[in-house]
Amino acid sequence: MTIETYRDAWGIPHLRASSARALARAQGRVTAHDRAWQLEVERHRAQGTSAAFLGAEALSWDVFARRARLDDTARRCFAALQRRDPETADWVRAYVDGVNEGLPAGAGRTPEFARTGLTPGRWQPWTPLAVWLGTHILFAGFPAKLWRERAVRHLGPGAVGLFATDGTGTAGSNGWLVTGDRTDTGYALIAGDPHRFIEDPGVYQQIRLSCPEFDVVGLAVPGVPGIAHFGHTGTVAWAVTNAMADYQDLYRERLRRTGAGIEALGPDGAWHRAARHTETVRIAGEPPVEIEIIETPRGPVIAGGPEGLEAIAAGPVSPAPSPPARVAADAWPAHATTPAGTSGRRTGGPAGPGPAGGPEDADGAAEALALRYPPRVTEDLGFSALLPLLRSRTVADVDTALDAWREPVNVVQAADTAGGTLHRVAGHVPLRAGANRLKPVPAWEPGHEWRGAHETPYARPATENGIAVMANARGLAAPLGVEFAPPHRATRIRALLEARPTWTADGMPAIHTDTHLGSAAALLDHLAALTGLGPAAAALRDRLLAWDRRMAADSTDAAAYAAVRGAVVRHLAAHPVLAPLAEPPAYPDVLLPWLALVPRVGHALEHLLRAGDLYGIDRAAAVRSALEEVAAAPPTGPWSATHRLAPWTALRRAPGPGADGPGLAGDHDCVLCTSAVPGLTDRAARGPAARFVWDLADRAHSRWVVPFGADGVPGAAHHRDQLPLWAAGELVPVVTDWTRLTPEPANAPEETQETEESDD
C-alpha cells in the first residue's frame, strides 16, 4: 500500500493513501507519533490501570472504570462489530496496527514516558472502542440522578426544576448552520465550538484523510479512527452538539452473599445470581488494592456491595497478584473528579452509610448502585457509522450513516453543496418509565425495565429563516432529557445571525467570541431593588447596573460582577436550609462533581434568584451581604486577571513561567463559553475544545483552531503554537492544496505490506 504524510504550516497532518484501510493505518501511526503520551494515558484509563503510573489521584477513576466493566463492554462491542460489519472491524484493526507501529518512536520523543518510567504498551483491536466509550460514559450525566434524589429528599420535588441546568459536569457545544440564502456565496456555512474540559494535549486532532474513496478534513478523537463529530468531505459537512439526552439508568440493588457467591433481588421477587470476581488495582508508590467486581441483570455495580456503599475496596494485597483485567476509562479529567477538600482516594464511600448521606432501604440496610448503559446491553457503540460518514457526499448520505450512530446521543447539523440541509438527533435512547430519568430506581420493583428505543427526532424543516442553532438548550431533544442548558447561548447566536442579511466564513469568529452574558439579568434585578446601601456598596451597585453585560477580558466591571455573583452563591449555599446538601455523600469521588452544592447553586443561580419562593431563604439579604462584602474589597484587575485557562494534564506541571494559562474572556452562559464555577473559582477548566467554520462554497475557505496545537510533545514547535490564536478568537486556514503542504521524507511515499496483528 502507498501512504503519504504531509504537514501544513501548523504541523497538522494531511494523509493520503491508496485505500481506506491503508489510510486508517496511516492515521493510527501519525497519531502515535504526535500524541503517544495521550494515547497511552487513554489506553491505561481504558484499562483502569492509570494509577499504576499516575498515582493515587487516578485511583477513583480506575476503580470506576473497572467496576463499570467498560473494557469488557468494548471487547463485546468489537466482537459484535466483527460479526455485523467485518469491513469496519478490519478498518479499526488497521488503525490499531498503525498505532502499534508508531508508538515506540512517538514515545521516544515524549518526555513524560521517562518521567513516569512508563513503557509504551500494545493496543488491541477493541482499544479504540474502549477509548470512545470511556470518553463519553459520563456525557449523559447519570450522577445527576443522585443529586436529584438528595435534593428532593431534603427540599421536595420542586428542587428538580430549580436545579435543572447544565454545569461544569456536562459537555456541551455551540453549533449553527446558515443556508445559502443567507451567505454571500450562495452556499451554506456550518460553524461551532465543542465545549469540553480543556486538556493538554487537546481532545481533538485536526487532520485530513484522503484516499480514492474520500477526502475529508475534520476533528478526530485521538485513539479513534476516522472523523466522527466534525467533518467536511468537500461536498457535505456536518457538526454535532451534546443532545443532553438521558440514556443511562441507576438501579438500587439489594444484594446478599451466599455460599455460592452473590445474589440480587429482582423485580419478580426472587433472588438471582450476580456475576462476581476480584481485580487488583496497582498504585504508583503505594500498596495495590483489591476490588470486588459485581454485575446484576441490570448492569455493573459501580458503588457498594452486599455490605453497603462502603464495600468496594478490600484494602492492600500482597505485592504479587495476577495482572489486572483490561477495563475501559473515561476522558473525564482527573482534576474534575476530586472536589476541593477530598482526599482523592475515596473509591466507594466512607466507612459506612451513617450521616454522610448513604441511601438505605426500609430495613436500614445500605444498598448498592448498578449502572445500565446502552452498549452494555446492545453490544453496539455505533462504529458502523464512521466509514459511511467519511464516504458521504450529500446530507442524505450523512443521514443514513447516522442511523447507525449509538452514543453519545447528539444533535447533528449538516449541509451539502446541492443546498440540502439536515437537523436531527442521532443516538440510542431507551424507552422506559419516567422515574428512571429522574433518580435511581429500585431494582426489585417491576416497571423499570427498558422497552425498545425512542424514535429519532428531526427538525422539519431543518432551518428557520435560513438558520439552525444548536446549543444544548431544550428544543429538538427536549423529549429525551431532563437537564438542559439555559436558552441564552442559543438565543444569542440566533439574534446575532439574524442581525445581518448575509454571512461569510470570515465573519463567523465574531459569533464564536461573543461575550454577552444573558443570565446576568436575574442578579442585576436583585441589585436594582436594594435600598439603604452604604456609599461603597451603592456605588458598586450603580456601576454594575450601568455595565454592558459583556464578560470581556479587559472589563473591570465584568470582574466586579463575577465577584458579587460568587459571593451570592456562597451566601446561598451556606444557608441552613441547604446545609444537608453540603454534606459529602457516600459515593465514589468520580461521581462527586455532580453532587457538590456550591457548583450546583452557582450554575442554577438564575433559577434560584427568579423562583417565587426559595424555601424561605431571604435572597435580598444574601445579595445585600454579597454586595457589601465585595464593595469592601473589590477586585483590582480585569476579568482576565482571575478568569484564566486551567487545562488538565495527566501529570501535574511544576510551578513556573508559562504554568499559568492565559487570561480569557467569556463565561458559562456566553456564546464564548469559558466556564468558571461561580462561588468556587474564576478559573476555566472547560471551554471551546476547538472552533471551526465549514464553508460549502469552497472547502479551502474553511477555518479551524484548537487550544494548543497539533503536536502533543511539550516544547515541540507545534505543541502550543495555536494557543495565542485560540485565546484571541482567531482561526487558521484549512489547507486543501497538496502543493502548499510539506511532505515528510520518512513517510512519503512508502510501500508497505499489510499484515494482520494478533489480538494478544
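Just above, that's the structure.
Residues numbered from 1 in each chain as written. Predicted model: local features only at pLDDT ≥ 70, side-chain atom pairs only at ≥ 80, totals over all residues. Heavy atoms only, no water.

Okay, the sheet that holds strand 19 (residues 441-442) next. What the 4 strands build is an open sheet, ordered 14-16-9-19; its pairing is mixed. Pairing within the sheet leaves two strands with one partner each, and these edge strands are strand 14 (301-303) and strand 19. The pairing of strand 14 with strand 16 (residues 368-372) spans 2 bridges and is antiparallel. Residue pairing for strand 16: Val-301 is matched across the bridge by Ala-370. Contacts from helix 8 (residues 144-155) reach strand 9 (249-253) and strand 16, with the element oriented near 60° to strand 9. (Pairing = 2+ DSSP bridges. Helix = DSSP H or I, 4+ residues; strand = E, 2+ residues; numbered from the N terminus. Contact = heavy atoms within 4.5 Å. Axes fitted to C-alpha atoms, helices over the stretch in contact; angles between N-to-C directions.)

Of all the 7 residues making up strand 6 (residues 214-220), 7 are buried; the element is thus mostly covered by neighbouring parts of the structure. Strand direction decides the pairing type here: strand 5 (residues 205-211) and strand 6, joined by 7 bridges, are antiparallel. In the sheet register, Ile-207 faces strand 6, and the bridge partner there is Gly-218. Counted between consecutive antiparallel strands, the loop separating strand 5 from strand 6 contains 2 residues. Where strand 6 lies against strand 7 (residues 230-232), 3 bridges are found, and the strand directions are antiparallel. Across the sheet, Val-217 pairs through a bridge with His-232, a residue of strand 7. (Buried < 20%, exposed > 50% of the residue type's maximum accessible area, 1.4 Å probe, protein only.)

The next thing to look at is the nonpolar core. One finds Leu-497 and Met-508 to be the most contacted residues of the largest nonpolar core, which totals 207 residues. Sorting elements by how many residues they give to this core places helix 1 (residues 20-47) first, with 12 residues. Leave out the neighbours within four places in its chain, and Met-508 touches Trp-176, Val-178, Leu-189, Ala-191, Leu-497, Trp-503 and Val-693. The next biggest cluster of nonpolar side chains, apart from the first, holds 12 residues, and it includes Ile-262, Val-301, Ala-368 and Val-441. (Core = buried A, V, L, I, M, F, W, Y, C linked by side-chain atoms within 4.5 Å.)

Attention now moves to empty space enclosed by the protein. Using the criterion set out here, one finds 11 cavities of 30 Å³ or more in the structure. Contributing to the lining of the second largest cavity are 18 residues, with Ser-519, Gly-602, Leu-605, Glu-606 and Asp-669 lying nearest its centre. Those elements giving two or more residues to the lining of the second largest cavity turn out to be helix 16 (521-528), helix 18 (556-573), helix 20 (597-603) and helix 21 (605-610). Here the element with the most residues in the lining of the second largest cavity is helix 21; it accounts for 4 residues. In the lining of the second largest cavity, the residues fall into 8 nonpolar, 6 polar and 4 charged. (1 Å grid on protein atoms, 1.4 Å probe; cavity = no way out; pocket = protein on both sides within 12 Å on 5 of 7 lines; lining within 4 Å. Points joined across faces, edges and corners; volume = space filled by probe spheres on them. Nonpolar A, V, L, I, M, F, W, Y, C, P; charged D, E, K, R; others polar.)

Summed over the entire model, instances satisfying the criterion amount to 13 aromatic pairs. On the basis of an interplanar angle of 65° and a centroid distance of 5.2 Å, the ring pair of Tyr-6 and Trp-738 is categorised as edge-to-face. Separated by 732 residues along the polypeptide, Tyr-6 in strand 1 (residues 2-7) and Trp-738 in the loop between strand 25 (732-733) and strand 26 (742-743) bring together distant segments of the chain. Exposure remark for Tyr-6: the relative accessible area of 11% places this residue in the buried category. When the ring of Tyr-204 is compared with that of Phe-230, the centres are 5.5 Å apart and the planes differ by 80°; the resulting orientation is edge-to-face. In this pair, Tyr-204 sits in the loop between strand 4 (189-197) and strand 5 while Phe-230 sits in strand 7, placing the two residues 26 residues apart along the sequence. The pair Tyr-204 / Phe-230 is uniform in exposure class, with both members buried. An aromatic cluster is present here, built from Tyr-204, Phe-230, Phe-692, Trp-694 and Trp-704 joined pairwise through their rings. (Phe/Tyr/Trp six-rings, centres within 6.5 Å; stacked < 30°, edge-to-face > 60°.)

Along the chain, Val-713 falls in the loop between strand 24 (703-705) and helix 24 (723-728). Between the alpha carbons of Val-713 and Pro-111 there is a distance of 7.7 Å; along the sequence they are 602 residues apart.

Below, the discussion takes up unusual backbone geometry. Here the amide bond leading from Glu-407 into Pro-408 is cis, since omega sits at 5°, within 30 degrees of zero. Here Pro-408 lies in the loop between helix 12 (395-402) and strand 17 (410-416). Note the cis peptide between Arg-460 and Pro-461, where omega equals 0°. Tracing the chain through its elements places Pro-461 in the loop between strand 19 and strand 20 (467-470). The backbone of Met-244 sits at a positive phi, close to 60°, despite the residue not being glycine. For Met-244, the location among the structural elements is in the loop between strand 8 (236-242) and strand 9. The backbone of Glu-379 shows a phi angle near 55°, a positive value even though the residue is not glycine. By secondary structure assignment, the location of Glu-379 is in the loop between helix 10 (374-378) and helix 11 (386-390). Judged by its relative accessible area of 24%, Glu-379 is partly exposed.

We now examine the layout of surface pockets. There is about 340 Å³ of room inside the second largest pocket. His-423, Val-469, Met-470, Gly-475 and Leu-476 are the residues nearest the centre of the second largest pocket, which is lined by 23 residues in total. Counting residues per element, the lining of the second largest pocket draws most heavily on strand 20, which supplies 4 residues. Here the residues of the lining of the second largest pocket are counted per class, giving 14 nonpolar, 6 polar and 3 charged.

With that settled, consider the pattern of salt bridges. Taken as a whole and judged by the stated rule, the model has 50 salt bridges. We note a salt bridge from Asp-71 to Arg-75, for which the minimum N-O separation is 3.3 Å. With a gap of 4 residues between them, Asp-71 and Arg-75 both fall in helix 4 (residues 70-84), about one helical turn apart. Given the relative accessible area of 2%, Asp-71 is considered buried. Through salt bridges with shared partners, a single ionic network connects Arg-66, Arg-69, Asp-72, Arg-76, Glu-279, Glu-295 and Arg-376. (Salt bridge = Lys/Arg side-chain N within 4 Å of Asp/Glu carboxyl O.)

A separate point is the state of the cysteines. Here the structure, examined in full by the defined rule, presents 0 disulfides. Cys-670 takes part in no disulfide bond, and the closest cysteine sulfur, belonging to Cys-673, lies 7.9 Å away. Using a relative accessible area of 0% as the deciding quantity, one classes Cys-673 as buried. (Disulfide = S-S within 2.5 Å.)

By the criterion of burial, strand 13 (residues 286-295) is predominantly enclosed, with 7 of the 10 residues buried. Bridge count for strand 12 (residues 271-283) against strand 13 is 8 bridges, and the pairing is antiparallel. When the bridges of strand 13 are listed, Arg-276 appears paired with Ile-294.

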